[in-house]
Structure formats: C-alpha cells, structure tokens
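# Per-entry structural report
Below, each chain spelled out in residue letters.
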Amino acid sequence: MNKAEELDKYGYIAEHIDPTLDLFEEIDRLKKEKNAIILAHYYQDPDIQDIADYIGDSLGLSQEAAKTEADIIVFAGVHFMAETAKILSPSKKVLLPDLKAGCSLADSCPPHLFKKFKEKYPDHLVITYVNCTAELKALSDIVCTSTNAVQIVESLPKDQKIIFGPDKNLGSWVAKKTGRDLVLWNGACMVHEIFSQEKITKLKERHPKAKFIAHPECEEPVLAMADYIGSTTGLLKYTISSEAEEFIVATESGIIHQMEKANPGKVFIPAPPNNLCACNDCPYMKRNTLEKLYLCLKNEIPEVSVASDIIEKARLPIERMLEISAKMGL
Ligand code: SF4
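If you're wondering where the values come from, they're calculated on a predicted model, not measured in any experiment.

Here we take up the nonpolar core. The biggest cluster of nonpolar side chains holds 83 residues, and the ones touching the most others in it are Phe75, Ile127, Val174, Phe212, Val249, Met259 and Met321. The biggest single contributor to this core is helix 16 (residues 308–327), with seven residues. When residues no more than four places from it in sequence are discounted, the contact partners of Val249 are Ile213, Ile255, Ile256, Met259, Phe268, Ile269, Pro270, Ala271 and Asn280. Ranked by size, the runner-up nonpolar core spans 20 residues in total, among them Ile27, Ala40, Leu95 and Leu290.

Quick look at the site of the ligand now. Near the ligand, the surroundings consist of Tyr43, Val78, Cys103, Ser104, Asn131, Cys189, Val191, Glu217, Cys282, Tyr284 and Met285. Looking at the shell around the ligand residue by residue, the classes come out as eight nonpolar, two polar and one charged.

One open sheet accounts for four strands, arranged 2-1-3-4; its pairing is parallel. Both outer strands of the open sheet, strand 2 (54–56) and strand 4 (93–95), are each paired with one neighbouring strand and no more. Direction aside, the axes of adjacent strands within the sheet are offset by 20° on average. Strands strand 1 (36–41), strand 3 (72–76) and strand 4 of the sheet are contacted by helix 5 (residues 79–88), whose axis makes an angle of about 155° with strand 3.

A word on helix 14 (residues 255–262). Spacing of three or four residues puts side chains on the same side of an α-helix, whose turn is 3.6 residues. Listed in full, the buried residues belonging to helix 14 are Ile255, Ile256, His257, Gln258 and Met259. Against helix 3 (46–51), strand 2, strand 9 (211–214), helix 13 (232–241), strand 11 (246–250) and strand 12 (267–270) lie the buried residues of helix 14.

Once that is clear, we can look at the pairing of strand 9. The pairing of strand 9 with strand 11 spans four bridges and is parallel. From the neighbouring strand, Phe212 faces strand 11, where its bridge partner is Ile248. The pairing of strand 9 with strand 10 (residues 228–229) spans two bridges and is classified as parallel. Looking at the pairing, Ala214 lines up with Ile229 of strand 10.

Take the environment of Leu182 next. If you trace the backbone, Leu182 turns up in the loop between helix 10 (168–178) and strand 8 (183–184). Each C-alpha atom of the pair Leu182 and His124 lies 9.6 Å from the other, and the pair is 58 residues apart in sequence. Once residues lying within four places of it in the same chain are set aside, the contact partners of Leu182 are Val153, Ile162, Phe164, Gly171, Val174 and Ala175.

This next bit is on the side chain of Lys292. Tracing the backbone through its elements, the reader meets Lys292 in helix 15 (residues 290–299). Since its relative accessible area comes to 13%, Lys292 is described here as buried. A polar atom in the side chain of Lys292 sits 2.7 Å from the side chain of Asp98. When residues no more than four places from it in sequence are discounted, the contact partners of Lys292 are Tyr12, Pro97, Asp98 and Arg287.

On to the sheet that holds strand 8. With parallel pairing, four strands are arranged side by side in an open sheet as 6-5-7-8. Lying at the two open borders of the sheet, with one neighbouring strand each, are strand 6 (142–144) and strand 8. Both strand 7 (residues 162–165) and strand 8 contribute to a ladder of two bridges, which runs parallel. Across the sheet, residue Ile163 finds its bridge partner in strand 8, namely Val183.

Rules and cut-offs
- Residues numbered from 1 in each chain as written.
- Predicted model: local features only at pLDDT ≥ 70, side-chain atom pairs only at ≥ 80, totals over all residues.
- Heavy atoms only, no water.
- Core = buried A, V, L, I, M, F, W, Y, C linked by side-chain atoms within 4.5 Å.
- Buried < 20%, exposed > 50% of the residue type's maximum accessible area, 1.4 Å probe, protein only.
- Helix = DSSP H or I, 4+ residues; strand = E, 2+ residues; numbered from the N terminus.
- Contact = heavy atoms within 4.5 Å.
- Near = heavy atom within 4 Å.
- Nonpolar A, V, L, I, M, F, W, Y, C, P; charged D, E, K, R; others polar.
- Pairing = 2+ DSSP bridges.
- Axes fitted to C-alpha atoms, helices over the stretch in contact; angles between N-to-C directions.
- Polar contact = N/O pair within 3.5 Å; in protein donor to acceptor, adjacent residues only side chain to side chain.

So, in structure tokens, the structure goes:
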C-alpha cells in the first residue's frame, strides 16, 4: 500500500515508534526545529492538551490560527478546524494528526443541499456556526461560534432575515436569546444530543448543590434544566467564577481536564448520556493521539488542503466574525 492509499484507508501513516522515546520531548524538539505550533481543542486527550502551545475553543483557535508566525500548524482537533486554519493561513502547512477526525455536525450539512436550501430564501443573510466544512463557510455571509453567536445575530439590523446553520439546537437557543425568528438548518452534533434528561435529573437529586452547566449544542429540554449555558470557554470561566464546589457538565468530557486544572478541589461530573457505555467522548476528536501527533509532525503528513477558490470565499465570513468579535471585545 502506498502512502496515499494508507492515508485514505486509515487517516494516518502508521509507523513503528521506538518505545524508549519520550514523545513529549520529541514533539517539543520537532516543534522548535520546524518552527511549528500545536493548537489543541479542549476536547482533545489531556496529554495532547498538555503539550499544545494553545488550547481553546473554536473562536480562540481561529484567532490563534490567524495570527501565528509559525511555518507549520499542527491542528489537534477535527478536519473543519484544520480547514479554518488553512483558510486563515493559506501559505502555511496545516497538519491534522488523523485525517479521519471528522465531525457529525459538519457531516449533517452537505454543501450541495444547503445551497438549494439557501436558494429558497434569497433575501436572507446566512450565518453558519464554525463547525462546518470550508465549502459551507464559502456559502455563508458570516461565520459564528458558540461564544459569539448571540452577539453576531444582535449586531445585525432587527429586520434582517437570517438563515442559521448547521446546528439546530444552537440556532434555537440563539433565536430564544435574541428574540429573532431564524430559519434553521436541521443539523446536530451526536455528542451533544446524547445527554439523558432522566439520568441528569437523578444525578441532580444525588448532588443537590451541584450546578448543572451545558453547551448550547445540547437539546432544548436539557438546556432548560441548566443553571448556566455557554460555549466551552464560557463553561470553563463559569466554573472558575462560581462559588459552587460541584458541577455536572453537559458537553464533551475533554474539557473537564482544564476545569480540574483551573479549579483544584472542585468536583466535575460528566453529564450522563443515553448510551450504555456511559461516555460522552467525541469519537472524532479522540481519533487524535500523542503518537499520531508525533508522527504527523515528524513526517509532515497528513496535510489539510483547501481549494484556492474556496479559501477566497470562505475567508470573508470568518474575517467578518473576527472583526465583530474584536469590536465587541470577545
Ligand atoms: S463534539 Fe460534535 S461538533 Fe464537536 S467535533 Fe465532535 S461531533 Fe463535531
């Protein structure tokens, strides 16, 4: 099997790694040697978070990707995030430890279908959540994140008609918060739709002093139970400013690593999902491992590329988001 076939089949190039190597030291050495930067999403494994130069959510990572001076960006996240980095830094080499680190939410909105959907609403402006493909961003007027979605919508005139995609749960929450009537695309994230109201209710009964905090990608009935709703960064900040000692956390479980680091002594309980394995890990995010990260930095493969016409079209809505966010001090 040649390298292209191997990448196509597995998403990464498997190679024997000397078991005596200290991967943390090796990654650090390669990073300096190649002038590379590692950006990691909060949903990555703790080891990857600990070796990253920047850890954040979609907005923070986009901002970092836009200003980095590095020659190589290793994006420890999922494919659409690496695409965003490529759109903002087209001359840089963007690597993703596993090319098959995709996203169920991005997959729930195929660009050719969204294009037809958009044609039904010619006088509407299109706002898309950053968790979507580069092609979808290229069909949008403004991109947003869960941190700034409400403010982006509020920055537009009240009579402006808006299509919001691809996440229907985030869209409904934004519509409720802003009082706007948004046309929603029917997409969702499999991780955030998995939480069980019944199990959360029981957990709250067992931990009556715990604050229940949730990401706006969760379904409305789960959000209705929350003491606080916010982006991943918003949730992290809330755990720091809150006087509560216990938190039930309804989002991907990777964020708990940073919550524990920032709040020694406080207790974080992952909200229980509906499934039997009782895990709410994102299977796409968790495809990345320290070993794959090391190999991709060493061999500079897999690389994420985006067609130049898509880069041009997708850059504008991301830049609009970054401008609005900067104006609002987000
Ligand atoms: S948690 Fe959901 S939205 Fe985030 S990468 Fe995984 S599937 Fe996509």
